[in-house]
Amino acid sequence: MVWRLLLLLLMVSSLARAGSAASDSGKVRRQAKIQEWLLEARILAEEERYESAVRAYKKVLQLDSTRYIYNFELGMVLFYYQENKKAALKYLERAFAVSPRDTSYDLIKCLGQSYQFVANYPEALRYYYLYGKKEAKNRKYETWNKEVEQGISVCKYAMSHNVLADSGIVTG
């Protein structure tokens, strides 16, 4: 009876390891596919083929949308090269939500600028102030201070005069 129980436990253990190996094999294939699409996206961006790069980044994110760097890179392509700040917000926000403890200055600044672009001035100010708070600890990014200070001024003015984003239209 004890032998049968031991044999049964050994069989269950072997099946569990086999299932785990198959699962590991699937993970390896998935990771290889992610790396393949990521490399393609980066090459396409480097070649200034931004539409194709965006499609490749989206394939990466279909496989794994939880990684900071994948969301960050797609957000940067949309923000800087396609100048689509509104579309960039989704990926920049996702990157910020899962970002490492020392979040990129570029990410924080782009979030501020994107929210300013879509007329969400309070949220833009939140990121601009976060940028300033982080920058105060590390003075190597002083060249960006002028842009952030200008963004803060524009947001404050727009809020106090009920101005719509990028339109100059006063609504109040």
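Residues numbered from 1 in each chain as written. Predicted model: local features only at pLDDT ≥ 70, side-chain atom pairs only at ≥ 80, totals over all residues. Heavy atoms only, no water.

(A) Structural detail: the confidence of the model for the protein. Here the protein averages 80 in pLDDT, and 74% of its residues register 70 or above. Between the elements of the protein, mean pLDDT differs from a low of 69, seen in helix α1 (residues 2–46), to a high of 96, seen in helix α2 (residues 50–63). Note on residues 1–16: pLDDT under 50 across the span, and zero contacts to partners over four residues away in sequence or across chains. Taken as a whole, residues 168–172 scores under 50 in pLDDT and shows 11 contacts with residues more than four places along the chain or in a different chain. (pLDDT = per-residue confidence, 0-100. Helix = DSSP H or I, 4+ residues; strand = E, 2+ residues; numbered from the N terminus. Contact = heavy atoms within 4.5 Å.)

(B) Inspection of α2 at higher detail. Taking 1.5 Å of rise per residue, 14 residues should cover 20 Å, and α2 covers 20 Å from first to last C-alpha, within 8% of that figure. Among the residues making up α2, those that are buried are Tyr50, Ser52, Ala53, Val54, Ala56, Tyr57, Val60 and Leu61. (Expected span 1.5 Å × (residues − 1). Buried < 20%, exposed > 50% of the residue type's maximum accessible area, 1.4 Å probe, protein only.)

(C) A look at the side chain of lysine 109. The topology assignment puts lysine 109 in helix α5 (residues 105–117). Polar side-chain contacts of lysine 109 include one of 3.1 Å to the side chain of glutamate 147. (Polar contact = N/O pair within 3.5 Å; in protein donor to acceptor, adjacent residues only side chain to side chain.)

(D) How the structure looks around the nonpolar core. Core analysis: the biggest nonpolar cluster contains 43 residues, and Leu74, Leu92, Leu107 and Leu111 have the highest contact counts within it. Only α1, α2, α3 (68–81), α4 (85–97), α5, α6 (121–137) and α7 (145–161) provide two or more residues apiece to this core. Ranked by residues supplied to this core, first place goes to α3 with eight residues. In this structure, leucine 111 is in contact with Leu89, Leu92, Glu93, Phe96 and Tyr127, ignoring residues within four places of it in sequence. (Core = buried A, V, L, I, M, F, W, Y, C linked by side-chain atoms within 4.5 Å.)

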